[in-house]
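Notes for the structure review
Residue strings, one per chain:
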Amino acid sequence: MVEEIDVVVVGAGQAGLATSHELTARGLDHVVLEATVPGSSWLGRWDSFTLVGPNHTVRLPGAPYAGDDPGGFMGRAEIAEHLQRYAARLGAPVRPGTPVHRLTRANSSGYQLDTDDGPIRSRVAVIATGAYQQPVRPAALSGLSPDITVIDVATYRNPATVPDGAVLVVGSGQSACQIAEELVLSGRDVVMACGRAPWFYRRLDGRDVFDWLMASDFYDQRPDELASPAARHGANVQATGARGGHDLHYRVLAGLGVRLVGHLAAVAGRTAYLLPDLERTIAAGDAGFRLVSSAVAQACSREDRTLPEIPPPTPLTTEAPTGLDLRGFGAVVVACGFRSRYAEWIDVPGLVDEQGFPVHDDGESTVAPGLHFVGVHFLRRRRSSLLFGVGEDAAATSRRIAASLGSPVS
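As the structure is a computational prediction, the values presented were derived from the model and not from experiment. (Residues numbered from 1 in each chain as written. Predicted model: local features only at pLDDT ≥ 70, side-chain atom pairs only at ≥ 80, totals over all residues. Heavy atoms only, no water.)

Attention shifts here to the overall build of the chain. A tally of helices and strands in the chain yields nine helices and 23 strands. Here the C-alpha atoms of the chain give a radius of gyration of 22 Å, agreeing with the 22 Å that 2.2 N^0.38 yields for 410 residues. Based on the C-alpha atoms only, the size of the chain along its principal axes is roughly 65 × 55 × 40 Å. Considering the chain as a whole, with its 410 residues, one finds that 54% of them fall into the buried category. Looking at the chain alone, contacts between residues at least 24 apart form 70% of all its contacts between residues at least 6 apart. Roughly 17300 Å² of accessible area belongs to the chain as shown, and the carbon and sulfur atoms make up 50% of that amount. For the chain, the separation between the mean place of its 37 positive charges and that of its 45 negative charges on side chains is 2 Å. (Helix = DSSP H or I, 4+ residues; strand = E, 2+ residues; numbered from the N terminus. Rg over C-alpha atoms; globule rule 2.2 N^0.38 Å. Buried < 20%, exposed > 50% of the residue type's maximum accessible area, 1.4 Å probe, protein only. Contact = heavy atoms within 4.5 Å. Areas by Shrake-Rupley, 256 points an atom, 1.4 Å probe, with all protein chains shown as cover. Lys, Arg positive; Asp, Glu negative; His and termini not counted. Charge placed at Lys NZ, Arg CZ, Asp CG, Glu CD.)

Structure representation (C-alpha cells):
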C-alpha cells in the first residue's frame, strides 16, 4: 500500500528542520524523513570537531542559540543535541530511521519515495540532505601504494586512529587545516599538499571574523556573481573554533612545523609528484585575505565605525619540490571538499549540472516541478547552507510550495 502525503521533506538536519518549521507556519501538512536521527551528519565529524562560526550564528527559525556562551564554539555532540531538541518541538512528525532509497516521478503526478517502511507518494518533495554528502578523493591518489592508508574527512576521528608514521594531508580549507593542526600538535610529522583558500584573522579589534563578514554583504553573494560555476566549490575562509577559536592558516601551520608543498599531481607507489605552485597558492590565499579586508571596510562604512588597523600578511618562505618520498608515511588524510550524491538516488534526468548542483529556479528543480532543494551550498546565496542562512531559504521555499498548493502565503 502506498502512503499519500502532500509534502515530504527528506533529511532532518538544519535545512530539513528549518523547512519543517516554515511549512508548519504556513499550515502545510508534511512529514520529515530522516535516515538515522536528527542532526546525525554532525555526529559523523571527527572527535574534536567544533563549529567554525560562533554559537550565536546558530539562528534557525524558532531555534536560535540561547545558551550562555554566544561567542564560543559548540562541539559536534552539542550541535546534534540542539537540532534534536529543535526536532522535538516541531509540529510535524519527524520519522527517524527512515532512509529514502529512491525518488522517482509518480505515474500521474508528484513523486514516489521508496523507504524501508514502504513507498510514499507526495505532491511535493523537498530535498534537504545536506551540503556535505560525498567526500572528494583526488584521482591522483589512485596509484598510491596499498601499504599507506587513505583516510577521508568523513572517516578521520583523531590522531590515535591514524597509522604510525608521517602523514600527508591533502586539502586547503577549514577541515584540512584543523586536522593538520591536530596531527602536528599530537607529535606527528605532517606534510600538507596545499590548495587555494582565503584566510583572515580569527578576531580583529576584538570582533570575530564571522561578525565582520555578516555585517558586510559577503554572505549575500549570489551564484551568478561568481567568476564561474565551479567557484561554488571554493574553500571557505581558513579558521577554527577549537580551543576557543584562534588563527589557523598556512602561516600558523608552518610555524607549528607543518611542511607546506604544492598541489598533489600524481602518486606512483611511494612517490608523490607535486606541482611547483606553492608560491602561487599562498598568493591566492593572500588575495582572499584582501577580499575579507574589503568586507571589513564595508562593514565599518555601514556601521559608521573607524576601520581598525589590519596587520598585513607576514612573509612566508616557500619551497617548490616536485617530488615527495612517502617511505615512512603511514597515512594520507584527504580533505578536499565534498560533492553531491543526488543523482545516485533521485531518478530524474537533468537534475544536476556538471558540478553536481541542482539545476533550479529559486530552489525548485527546473526539470521536475514540485521537487525543491534546501541547504545546498550557494543555492540562492553564499549563506544558503549555513546555520544563520538556511532559514531564509527554508522560508522562501515554503512560500513557493504554499503558492503552488493554493494555500495562503505569509
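The bond known as a disulfide is covalent and runs between the sulfur atoms of two cysteines. With the rule as written, the count across this model stands at zero disulfides. No disulfide involves Cys194; its nearest neighbouring cysteine sulfur is the one of Cys177, lying 7.8 Å away. (Disulfide = S-S within 2.5 Å.)

With antiparallel pairing, three strands are arranged side by side in an open sheet as β16-β17-β18. Of all strands in the sheet, those bounded by a partner on one side alone are β16 (264–268) and β18 (323–325). Mean inter-strand twist for the sheet, computed between neighbouring axes without regard to direction, equals 20 degrees. Judged from the four bridges that link them, β16 and strand β17 (residues 271–274) form a sheet pairing that is antiparallel. Its bridge partner being in β17, Leu264 is matched across the sheet by Leu274. (Pairing = 2+ DSSP bridges. Axes fitted to C-alpha atoms, helices over the stretch in contact; angles between N-to-C directions.)

This part takes up the packing of aromatic side chains. Aromatic ring pairs: the centre-centre distance and the angle between the two ring planes describe each pair. Taken as a whole and judged by the stated rule, the model has twelve aromatic pairs. Aromatic pair Phe218 and Tyr219: ring centres 5.0 Å apart, planes at 90 degrees, arrangement edge-to-face. What links up through ring pairs into an aromatic cluster is the set Trp42, Trp46, Phe49 and Tyr156. Cation over ring: Arg207 sits above Trp212, and NZ or CZ is 4.6 Å from the ring centre. Directly above the aromatic system of Phe218 lies the positively charged group of Arg382, at a separation of 4.2 Å from the ring centroid. (Phe/Tyr/Trp six-rings, centres within 6.5 Å; stacked < 30°, edge-to-face > 60°. Lys NZ or Arg CZ within 6 Å of the ring centre and 35° of its normal.)

The next thing to look at is helix α4 (residues 174–185). The terminal C-alpha atoms of α4 lie 16 Å apart, and with twelve residues this matches the ideal 16 Å at 1.5 Å per residue to within 8%. Counting buried residues along α4, eleven of its twelve residues qualify, which places the element largely inside the surrounding structure. Looking only at α4, the buried set comprises Gln174, Ser175, Ala176, Cys177, Gln178, Ile179, Ala180, Glu181, Glu182, Leu183 and Val184. On the buried face of α4, the contacting elements are β11 (166–171), β12 (190–193), α6 (250–256) and β19 (329–335). Gly187 lies just past α4 and shows a positive phi near 100 degrees. (Expected span 1.5 Å × (residues − 1).)

The two faces of strand β7 (residues 111–115) differ: Tyr111, Leu113 and Thr115 on one face are buried, but Gln112 and Asp114 on the other face are not. Following strand β6 (residues 100–105), the chain reverses through five residues before pairing antiparallel with β7; Gly110 in that reversal takes a positive phi of roughly 80 degrees. Pairing of β7 with strand β8 (residues 118–127), which is carried by five bridges, proceeds in the antiparallel orientation. In the sheet register, Tyr111 faces β8, and the bridge partner there is Ser122.

To continue, consider the sheet that holds strand β15 (residues 259–261). Strand pairing in a sheet is mediated by backbone hydrogen bonds. Such pairs are either parallel or antiparallel. Taken together, five strands build an open sheet; the order of strands is β10-β19-β11-β12-β15 and the sheet is parallel. Edge positions in the sheet fall to β10 (149–152) and β15, since each has one partner strand and no second. Strand-to-strand twist in this sheet, taken as the mean axis angle between neighbours without regard to direction, amounts to 20 degrees. Taken together, the four bridges between β10 and β19 define a ladder with parallel strand orientation. When the bridges of β19 are listed, Thr149 appears paired with Ala331. α4 rests against β11, β12 and β19 of the sheet, and its axis sits at about 165 degrees to β12.

This part is about unusual backbone geometry. For Asp304, which is not glycine, the phi dihedral falls at a positive 55 degrees. Secondary-structure assignment places Asp304 in the loop between α7 (278–303) and β18. We note that Phe378 has phi near 60 degrees; this positive angle belongs to a residue other than glycine. If you trace the backbone, Phe378 turns up in the loop between β23 (371–373) and α9 (390–404).

Of all hydrophobic cores here, the largest spans 59 residues; its most connected members are Tyr86, Val169, Leu183, Met192, Leu253 and Ile401. Looking at which element gives the most residues to this core, the answer is α4, with six residues. The residues touching Val169, leaving out its near neighbours within four places in the chain, are Ala176, Ala180, Leu183, Val190, Val191, Met192, Ala193 and Val333. Judged by nonpolar contacts, the second largest core, of 23 residues, contains Val8, Val10, Val100 and Ile346. (Core = buried A, V, L, I, M, F, W, Y, C linked by side-chain atoms within 4.5 Å.)

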